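# Reading the structure
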Amino acid sequence: MLLALVCAACVDVRPEATVGIAAPNTAERARSGGAASVAGMIFVSGGCYQIGDIFDEGEPDERPVHEVCVDDFYLAEHEVTQRQWTEIMRDNPSQFADCGDDCPVERVSWDDAQEYLRRLNRKTGRNYRLPTEAEWEYAARDRGRAMRWAGTNDESELGDFAWYVVNSGNTTHPVSTKKPNRLGLYDMTGNVNEWMWDRWGKWYYRVSLRDNPRGPATGNGRASRGGSWWSVARFARIGNRYADDPSYRAGNHGLRLALGALEAK
Ligand SMILES: [Ca+2]
Ligand SMILES: [Ca+2]
């Protein structure tokens, strides 16, 4: 499943002020219609949309395109950083530790992510979790709009929104240094591929629930989304679905926090 490709060295060193605990932006807070404001999290108003290969350019596991509906939820505006991980776990497993505190944590397995969430929730009293595939795709596509990549449908603009193989220099980069999508979410496309809540179901779209689908009830693999610093544009498409063993660790695999609206209080 892996695409090992290279590109010329590139450098990005812009420090990121919003890493860690950052307030949702004012516009998003206004759009949240009075929902609780949660630091660093974007409120995503729920709705229904057509999930899957809407441009008819994807892989068989992205079909059939079908309607799903998701409830309101929150999604972190950026990937979990090395600083956020280290604060909770007291170690930094990242392959690109030299990239710095503001870079996404990687080389963490799905199982490692569950331990991080368990400790984070014990510390905060919240119920952070991974997003579902349906939530993640809905948010990446600006609440279900027809979007190929987070922020643009035009491949010539992809470098403005994403760290991917063409501009990454084969490394991660500080989070939130590219443009966000319309919801204010950064690096939904690229930087690190993001673990999902869902068990992997290659043909799950054939049998998916309409409301708040959460993947198959059984199975060993776990899904991930968004592609990474080493993805070509095609594999960084929002609709592309990845599958890996929950114990798999790689330098292009990280996570992003989600929180149910009802759990935000
Ligand atoms: Ca990402
Ligand atoms: Ca795929």
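Relevant structure appears above.
Everything numeric here is computed off the predicted structure, so don't read it as measured data. (Residues numbered from 1 in each chain as written. Chains lettered and ligands numbered in written order. Predicted model: local features only at pLDDT ≥ 70, side-chain atom pairs only at ≥ 80, totals over all residues.)

### A closer look at the nonpolar core
Nonpolar side chains in soluble globular proteins tend to end up buried together. One finds Tyr74 and Leu75 to be the most contacted residues of the largest nonpolar core, which totals 57 residues. Looking at this core, the elements with two or more residues in it are strand S1 (41-44), strand S3 (66-70), strand S4 (73-76), helix H3 (110-124), helix H4 (133-140), helix H5 (158-161), strand S5 (193-199) and strand S9 (258-260). At five residues, the largest contribution of residues to this core is made by H4. (Core = buried A, V, L, I, M, F, W, Y, C linked by C-beta atoms within 7 Å. Buried ≥ 20, exposed ≤ 12 C-beta atoms within 10 Å, placed from the backbone. Helix = DSSP H or I, 4+ residues; strand = E, 2+ residues; numbered from the N terminus.)

### A look at the sheet that holds strand S7 (residues 241-244)
As summarised here, the arrangement of the four strands in space is S7-S6-S5-S8, forming an open sheet in which the pairing is mixed. Looking at which strands have only one partner, the edges of the open sheet turn out to be S7 and strand S8 (253-254). With four bridges connecting them, strand S6 (residues 222-225) and S7 associate as antiparallel partners. Looking across to S7, one finds that Ala223 is bridged to Ala243. (Pairing = 2+ DSSP bridges.)

### Observations concerning the sheet that holds S9
Sheet strands line up and pair through hydrogen bonds in the backbone, either parallel or antiparallel. Across the sheet, which stays open at both edges, the three strands sit in the order S1-S4-S9 with antiparallel pairing between neighbours. The outermost strands of the open sheet, each flanked by one partner alone, are S1 and S9. If you compare each strand with its neighbour and ignore which way they point, the axes differ by 25° on average. Note that S1 and S4 share four bridges and pair antiparallel. Bridged to Ile42 within S4 is Leu75. (Axes fitted to C-alpha atoms, helices over the stretch in contact; angles between N-to-C directions.)

### Comments concerning helix H2 (residues 82-89)
Three or more residues of H2 are buried, namely Gln82, Gln84 and Trp85. Relative to the axis of H2, the buried residues are bounded by an arc of 165° and lie together on one face. Looking at the packing, one finds that the buried side of H2 touches H3. Of the residues one or two after H2, Arg90 is the one with positive phi, at around 65°. (Arc of directions from axis to C-beta. Contact = placed C-beta atoms within 7 Å.)

### Things to note about H4
For H4, the tally of buried residues reaches eight of eight residues, placing the bulk of the element in the interior. Among the residues making up H4, those that are buried are Glu133, Ala134, Glu135, Trp136, Glu137, Tyr138, Ala139 and Ala140. Directly beyond the C-terminal end of H4, a positive phi value near 55° is found at Asp142.

### Concerning the environment of Val44
Mapped onto the elements of the fold, Val44 is located in strand S1. Val44 sits in the buried class, given 27 other C-beta atoms within 10 Å. Each C-alpha atom, one on Val44 and one on Phe73, is 5.4 Å from the other, the two residues being 29 residues apart in sequence. In this structure, Val44 is in contact with Asp72, Phe73, Tyr74, Leu75, Ala139, Arg143 and Leu183, ignoring residues within four places of it in sequence.

### A closer look at the environment of Arg199
Structurally, Arg199 can be placed in strand S5. Residues in contact with Arg199, not counting those within four places in the same chain, are Gly215, Pro216, Gly219, Gly221 and Arg222.

### Some details on unusual backbone geometry
Across the chain, the bulk of peptide bonds are trans and the bulk of non-glycine residues have phi less than zero. Note that the residue after Arg63, namely Pro64, is joined by a cis bond; omega there is 0°. With respect to the element layout, Pro64 can be found in the loop between strand S2 (47-51) and S3. Unusually for a residue other than glycine, Arg90 sits at a positive phi of about 65°. Along the chain, Arg90 turns up in the loop between H2 and H3. Positive phi values are uncommon outside glycine, yet Arg107 reaches one of about 55°. Here Arg107 shows up in the loop between H2 and H3.

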